[in-house]
Amino acid sequence: TTRFFLALMSMGACAASVASVLPCQGSSSVGEIEIVPPESRAGRVPGVAVSLEALAVTGKTGSPSPVLEAVLAGRKMDLDRAQAIAQDIGKPEYSLAQYYQDLLTTFPELHLFSLEGLSVEATDDSPEVLTSSGRAAGDEFQRTMGAFFAIYWLFRLPLDGKHGFCRGVDESWKPVESRDGESEKVAAFFEDDEIWKHFQDLMLDAGLMVKQGGAMRVDKESTLALLVLTALHDIMKINALLPTVQKADAPYRGYLEAEVIADHDLAVFYIMEQHTHILPSLCQLPPGMQQVVQTVLSGLAFNNGWFVQAEAPPGAVFLGIKAAIMRNGSERRVSRRDLSLYFVHWLTDLAGAEPTPLCGCNKLTSQLPMPVLKSFMKSVRYIQQLADRSETEVMESYLKDRWKDHRPSMGTLEAGPQALAKARLLCMAQGNAKVVLDAFEKLSADDQEVLSVEMARTGAERQSFSKGFVPDSVRQELVGPAFLVYYGPAFLQRMGSDSPLRRLEILAEIYRCARKLWPARTDQAGDCVTVRIDAITIQGQWSSADPEVLLLRMCSSKQACLERRPEDAKKNREDNAVILFDSEPPTFLPQAPELCSQEELIRRISHEMLTNGQWYRKVAFAFLRPAKPGEVITTMVNGKEETRNIAQESDFVVQANTKWKENYILSKTRASEAYDLTNPMDIPSGRPDASQLSAEGFRCYRSRTRIKALKATDELLRRYCPFKRFMAKWGTPCVVQVDDMLAAQVAGDTVTEIYRIEKTVFRETFVPDVASDK
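The paragraphs below set out a description of the structure included in this document. Note that the structure is a prediction, hence the values are computed from the model and not measured. (Residues numbered from 1 in each chain as written. Predicted model: local features only at pLDDT ≥ 70, side-chain atom pairs only at ≥ 80, totals over all residues. Heavy atoms only, no water.)

Helix α25 (residues 500-517) packs onto helix α21 (residues 433-440) with a crossing angle of 65 degrees between their chain directions and a minimal axis gap of 8 Å. When the axis of α21 is compared with that of α25, the two are roughly perpendicular. The way α21 lies across α25 gives a crossing that is right-handed. Touching Val435, Val436, Ala439 and Phe440 of α21 are Pro500, Leu501 and Leu504, all from α25. (Axes fitted to C-alpha atoms, helices over the stretch in contact; angles between N-to-C directions. Helix = DSSP H or I, 4+ residues; strand = E, 2+ residues; numbered from the N terminus. Parallel < 35°, antiparallel > 145°, perpendicular 65-115°, else oblique. Left-handed = near helix turned anticlockwise from the far one by under 90°. Contact = heavy atoms within 4.5 Å.)

If you want it as structure tokens, here you go:
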């Protein structure tokens, strides 16, 4: 059994009162309690922390995150207390101190932050040992509590919420009504009725508050959902908890079997979706509320910070949320309330971004320019446009509006190859926009081109920004992957003693090195790779004058991380890594399985297919409807994502008549070849989903598909597709398993397309075409 020692960091007079309510081992929270010296930094709450004894963790076989399971094993959320928090949060007598104590007692996942600053390493003595990563422990816990406090204050705007939100609390945790020497920004924020109305309207749209006569009441169920998702959202910022994709779940959102999901958002999505039982606060919710939490976090797969700060390309920002908005079939479609609840969560997360929760929501009230915040609050209207417009069109509209509305005015955004890069830099730099854009004009022509080209990649299949907004070369050849420079905005907002020019030179070099690791390819135009640069943004103080080498390492097929190394690092070259501002070429070992292109697979297997492949005909009918241009269709078989595609003008959406009811897209030409579109049939009335299919516009059509196919034996895959991955003709990767079928479209004596059909689906829908084989 793993034993964790937790310490309670106290702050002044609050220590005793908080310690008295924290649970001991065996209760719903984690560990034993020790009192340690008071926290010296003002504005920070008491919190859990790990003592410095060695923490050995015995890994659980088959666990995606052994440390996570070890810490939470046997823990439960106090559901009664959680419901009481949701019920009492807006009552005058419910104090912030009591709220804080209730949170720590109720949600076991909050105690995971006791592991902050630690990571898991293997040693000769123990397969997994927790070690320090060098990051300051405690900040992420403080930020999470800051988000919780912002929630508390938003529910109490008619009472003391404005005071707490803007000015924080005093030593007894009572809201401060006024502060000597208060900044003009904070005073103006407090008096700005428009921003408070924005906040209140958002709470109403999310269903957190309900108008009842002339008064407002708290909705207990929606509030409980918000509290749970706040407790869960940032737990994967603790490196020791990052999960590894299990074989049964692979591939997961681009991550392959045995790859560590280092993106903290995707990491928590993975646990929520595939291993819900590990998280007590989630699995103890009633099914309906559990679904709301999963939809708002993992179902939307949306990061509003990426959008409003133009941190990510449109494919990375919008693909998941567009699919959720356009969702069809039996899956839960995202509602306006879901979207609004997400935006409340995003707002409170941003409000708590500074790790000093007792000082109020400083990030919003004193750091973020008010015009920027108000533009953030209006971003929901752009999300709603995804129902009718492509991801890239929505992003372009937003960027142009942000430029036009910026104060002070930046003048007209001149058309040209640099326009998109300038618009993104304006959003990323926020209050530093003018000095950053001035510095852009002083960059070398090569650095300007790198930023203009790489920032213009969309990461969205068959999409580009409009002519005159990006370089012509980007529009003429759609390649990828696009890059998401994670913490890029922070890099331009917190420049310290560095000049804006030097920061842009480094940003250009980061893009340049990322492209060395991932050469541009047409079959990856719809992909995105995350480049994490937190080593030079949030992990302590850093300056470009520091005597260190910056190394960009490929961590997986989907992620690279920037690392700070000693000056002598150049002497020892490392595989799959590039040193910034270094003339030596990188060396590589294959980190991820080869992705065979469609053309290469056809070349390899054509002779085998034409010689030994058997003809089959499709006997089952299917349901087709006209597709909406821009909608995203995800093909799911046996709970696994097979492909994801975006509909174009005149395409059809097909729902297969199989037990999986998988959806996919066909062009009009392909649909006409595969189905008899001239003779639609009635949907069988005995089907339980007949009325739903009709309501969604589906009609029944008989198939006339003929294919040649080979069984994907282990020997056949070793010979022709050894990594079991290939690019489909429609531009997304396919993973083929032993006993699946490799199907071919054949024209005369030429194989024109290869695709994979899952073995169960094949048995249900195809029979040998004896006449064709003769």
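With that settled, the discussion passes to the sheet that holds strand β19 (residues 663-666). Pairing is antiparallel in the open sheet, where 4 strands are placed in the order β19-β18-β15-β20. Two strands close off the open sheet at either side, each with one partner strand: β19 and β20 (699-701). Between one strand axis and the next, the sheet turns by 35 degrees as a mean value, whatever way the strands run. Relative to β20, strand β15 (residues 622-626) runs antiparallel, the two being bridged by 3 bridges. Bridge pairing in β20 links Ala622 to Tyr701. (Pairing = 2+ DSSP bridges.)

Taken in spatial order, the 5 strands make up an open sheet running β9-β10-β12-β11-β13, and their pairing is mixed. This sheet does not close on itself; its edge strands, each paired only once, are β9 (482-486) and β13 (577-579). With strand direction ignored, the average angle separating the axes of adjacent strands in the sheet is 25 degrees. Where strand β10 (residues 528-532) lies against strand β12 (residues 559-565), 3 bridges are found, and the strand directions are parallel. The residue bridging Arg532 from the neighbouring strand is Cys561, located in β12.

A few words now on helix α3 (residues 79-88). Among the residues of α3, those classed as buried are Ala82, Ile85 and Ala86. Buried residues of α3, seen end-on, are gathered within an arc of 95 degrees and therefore sit on one face of the element. Considering only its buried residues, α3 is in contact with α4 (96-106), β8 (215-218) and α9 (220-233). (Buried < 20%, exposed > 50% of the residue type's maximum accessible area, 1.4 Å probe, protein only. Arc of directions from axis to C-beta.)

To continue, consider the environment of Asp405. As for its placement among the helices and strands, Asp405 is situated in helix α19 (residues 391-405). With relative accessibility at 44%, the residue Asp405 sits in the partly exposed group. Between the alpha carbons of Asp405 and Ser375 there is a distance of 8.4 Å; along the sequence they are 30 residues apart.

In terms of burial, helix α6 (residues 157-167) is largely enclosed, as 8 of its 11 residues are buried. Its buried side turned inward, α6 meets α5 (139-154), α7 (184-191), α8 (193-205), α15 (336-351) and α16 (362-367). A positive phi of about 75 degrees marks Gly168, the residue just after α6.

Shape is all these values report; function is a separate question.
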